[in-house]
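Summary of structural features
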Amino acid sequence: MAEQAVPTVAREWHLAARPQGWPTPADFVLVEAPVRRPGPGEILVRNAFLSVDPYMRGRMNDVKSYVPPFALGKAMDGGAVGYVVASQADGFEVGDAVLHGLGWREYATLDAEHAVKVDAAAAPLSYYLGVLGMPGLTAYAGLLEVAGLKKGDAVFVSGAAGAVGSLVGQIARLKGASRVIGSAGSAEKVAKLVDDYGFDAAFNYKDGPVREQLAEAAPEGIDVYFDNVGGDHLEAAIGALKVHGRATLCGAIAQYNDTTAPAGPRNLALAIGKRLRLQGMLVGDHAALQPQFTAEVAGWLRDGSLHYDETVVDGIERTGEAFIELLRGGNTGKMVVRLDA
Ligand code: NDP
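Below is a short write-up of the structure. (Residues numbered from 1 in each chain as written. Predicted model: local features only at pLDDT ≥ 70, side-chain atom pairs only at ≥ 80, totals over all residues. Heavy atoms only, no water.)

Before going further, it helps to examine the site of the ligand. Not every one of the 26 residues close to the ligand is listed here, only the nearest: Val 164, Lys 189, Tyr 205, Val 283 and Asn 331. Contacts to the ligand include Met 281, whose backbone N or O atom sits 2.9 Å from a nitrogen atom. Expressed as a share of its isolated accessible area of 910 Å², the protein-covered part of the ligand is 91%. Looking at the shell around the ligand, the elements that each hand over two or more residues are α2 (134-146), α3 (163-174) and α9 (319-328). By residue class, the composition of the shell around the ligand is 17 nonpolar, 8 polar and 1 charged. (Near = heavy atom within 4 Å. Polar contact = N/O pair within 3.5 Å; in protein donor to acceptor, adjacent residues only side chain to side chain. Areas by Shrake-Rupley, 256 points an atom, 1.4 Å probe, with all protein chains shown as cover. Helix = DSSP H or I, 4+ residues; strand = E, 2+ residues; numbered from the N terminus. Nonpolar A, V, L, I, M, F, W, Y, C, P; charged D, E, K, R; others polar.)

See below:
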C-alpha cells in the first residue's frame, strides 16, 4: 500500500442539535476523531474543498426524504474533493484527485467505489463541486431535459446569482433563449447577472413584489421558469407563464427554514387554462446526461462563453458558518470551504 504521512486524528463536524427554523452555529460542533486506515478496496482522502448546499438544511430535520437525515452526534457528510493519501484500492494511487460524498471533515476513509477520479489539471479542483459537478448538472438537466428549453423561449430563473441559477441563465442564453430574466437578493448580484452573465433583465426580489417586477422585466410573459425559490417567486411565475409554459421545480429555498406551511402559490388553478407543465426534478435522475454535460460545459468554460463564480470560505472551522451564510445569500456563485489554503 502506497502511503503519505497522515495524522492519527483529524477534525469532523457533527450535528449537535436539529435547527428549529434558521440554523445557528450552536447546532454544529467540530470534534476530533481518529483517522481510520483504509482496508481492502478503500482509500483515504485528504479533503481540499467541502461543499455546502441548500439541500443539507432538509437533512438536519428528522424527516423521511430522498436523502436520509443527518444523525445527531455523528459526522455529517456531503460533497467533497481531495487527494488520495493512502490506497488499498486498484486503480487509485496516492496523489489522485477524487470527488466523493464524505465532506464536513478533514480526512475521509471510504470504499473507492464511492469515489470518482477527477482531472485536477483540466479545471480547478473546486469546480467539480460546482459548475462541473452536481449544481452544474442540475442546471443543465433541469433546463434542457426537464423544462425542454427550445430556441426562442423566454426564460426566468430565480436564485439567479447562485450556483445553479447562474448557470441556468447562461446556458439558456447559449442555447438560444430569446430573453433571460433573473432575480437575486442584492443590487450587486443583479448587476452581475446583466453585466457578467449576459442576462437581458434582472431584479432584486427584496425591492418590491416579485409579480410586479417580473411583469416589468418580461412584459410579454415567459415560456420557461426555473424555480430555485418557491413561494412568491413560483406564484409570480405561474402568473407570467404563457399557454403551454413549463416550469422546473428544482428548489424552494424561501421555505427551507419555515416552521409553518407556506401560503402559496395561490394561483395554481391558472395552470389548468394555460395547460402549464410544472415538473419537479432531482439531479440524481439525470446521470445519463453526465458525459454530454461535461463535454459541453467544459467547452464553454474553456472558450470563455460561460462565467463561473465561487465564494470561498477558508478553514474547516468555518464550515457551519459557510452553510448558514449560504442560506442567507452570502454567496455569489457556488459556496465552498477550502481546507488547504
Ligand atoms: P445557491 O448557490 O443558489 O445558494 C442559495 C441562494 O438562495 C442564496 O445565495 C440566496 O441568494 C438565495 N435565497 C436564500 N433565501 C432566499 C429567499 N427567501 N428568497 C429567494 N432567494 C433566497 O444554491 P444552489 O445553487 O446550490 O441551489 C439552488 C436551489 O436549487 C436550491 O433551492 C437547492 O435546494 C436546489 N437544488 C436542487 C437540486 C435538485 O436535484 N432538485 C440539486 C441542487 C440544488 P439571494 O442573495 O439571491 O437571496
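Attention now moves to the pairing of strand β1 (residues 9-15). Counting buried positions along β1 yields 5 of 7 residues, so the element is predominantly enclosed. When β1 meets strand β2 (residues 28-34), the two strands line up antiparallel, connected through 7 bridges. Its bridge partner lying in β2, Arg 11 is registered against Glu 32. (Buried < 20%, exposed > 50% of the residue type's maximum accessible area, 1.4 Å probe, protein only. Pairing = 2+ DSSP bridges.)

Unlike most non-glycine residues, Trp 104 shows phi in positive territory, near 60°. Inspection of the secondary structure puts Trp 104 in the loop between β5 (97-100) and β6 (107-111). Phi at Arg 275 is positive, roughly 50°, even though this residue is not glycine. Assignment of secondary structure puts Arg 275 in the loop between α7 (270-273) and β13 (277-280).

Moving on: the environment of Ser 183. When you line up the elements, Ser 183 lands in strand β9 (residues 179-184). When its relative accessible area of 1% is taken as the criterion, Ser 183 is described as buried. Setting aside residues no more than four positions away along its own chain, Ser 183 makes contact with Phe 156, Val 157, Ser 158, Gly 159, Ala 160, Leu 193, Phe 203 and His 233. Within polar-contact distance, the side chain of Ser 183 engages the side chain of His 233 at 2.9 Å. (Contact = heavy atoms within 4.5 Å.)

Here we come to the environment of Arg 318. Considering the arrangement of structural elements, one finds Arg 318 in the loop between β14 (310-314) and α9. Residue classification places Arg 318 among the partly exposed positions, given a relative accessible area of 33%. Among residues more than four places away in sequence, those in contact with Arg 318 are Trp 13 and Val 313.

Packing of helix α5 (residues 210-217) against helix α6 (residues 231-240) leaves a shortest axis separation of 9 Å and a crossing angle of 40°. On the basis of their axis angle, the class for α5 and α6 is oblique. Like other packed secondary-structure pairs, α5 and α6 cross with a definite hand, here right-handed. Of the residues in α6, those in contact with Val 210, Arg 211 and Leu 214 of α5 are Asp 232, His 233, Ala 236, Ala 237 and Ala 240. Here the contact of α5 with α6 is built from residues that sort into 5 nonpolar, 1 polar and 2 charged. (Axes fitted to C-alpha atoms, helices over the stretch in contact; angles between N-to-C directions. Parallel < 35°, antiparallel > 145°, perpendicular 65-115°, else oblique. Left-handed = near helix turned anticlockwise from the far one by under 90°.)

This paragraph deals with the pattern of salt bridges. If you walk through the whole model with that rule in mind, you get 15 salt bridges. Of the charged contacts, one joins Asp 196 and Lys 192 as a salt bridge, the two residues approaching to 2.7 Å between their closest N and O atoms. Two residues, Arg 338 and Asp 314, come together in a salt bridge whose shortest N-O distance is 2.7 Å. Pair noted here: Arg 338 is in strand β15 (residues 334-338) and Asp 314 is in strand β14, with a separation of 24 residues, a long-range link. Take Arg 338: its relative accessible area is 29%, and that puts it in the partly exposed class. Taken together, the shared-partner salt bridges connect Arg 11, Glu 106 and Glu 317 into one network. (Salt bridge = Lys/Arg side-chain N within 4 Å of Asp/Glu carboxyl O.)

Before going further, it helps to spend a moment on the nonpolar core. Counting residues in hydrophobic clusters, the biggest one holds 43 residues, and the most contacted among them are Leu 125, Val 131, Leu 143 and Val 297. Mapped by element, the contributors of at least two residues to this core are β3 (42-51), α2, β8 (154-157), α3, β9, β11 (222-227) and α8 (290-303). There are two domains that each give this core at least three residues, and those are domain 1 (9-130 + 309-338) and domain 2 (134-284). With sequence-adjacent residues up to four places away left out, Val 297 is seen in contact with Val 131, Leu 132, Tyr 140 and Leu 306. Within the second largest apolar cluster, 20 residues are counted, among which are Leu 15, Met 60, Ala 322 and Met 335. (Core = buried A, V, L, I, M, F, W, Y, C linked by side-chain atoms within 4.5 Å. Domains from an automatic or database assignment.)

Moving on to the sheet that holds β13. Read across the open sheet, the 6 strands follow the order β10-β9-β8-β11-β12-β13; overall the sheet is parallel. Where the open sheet ends on each side, the last strands, each with one partner, are β10 (201-204) and β13. Averaged over all pairs of adjacent strands, the angle between their axes in this sheet comes to 15°, without regard to strand direction. One ladder, built from 5 bridges, connects β11 with strand β12 (residues 241-249); its direction is parallel. Paired with Val 224 across the strands is Arg 246, a residue of β12.

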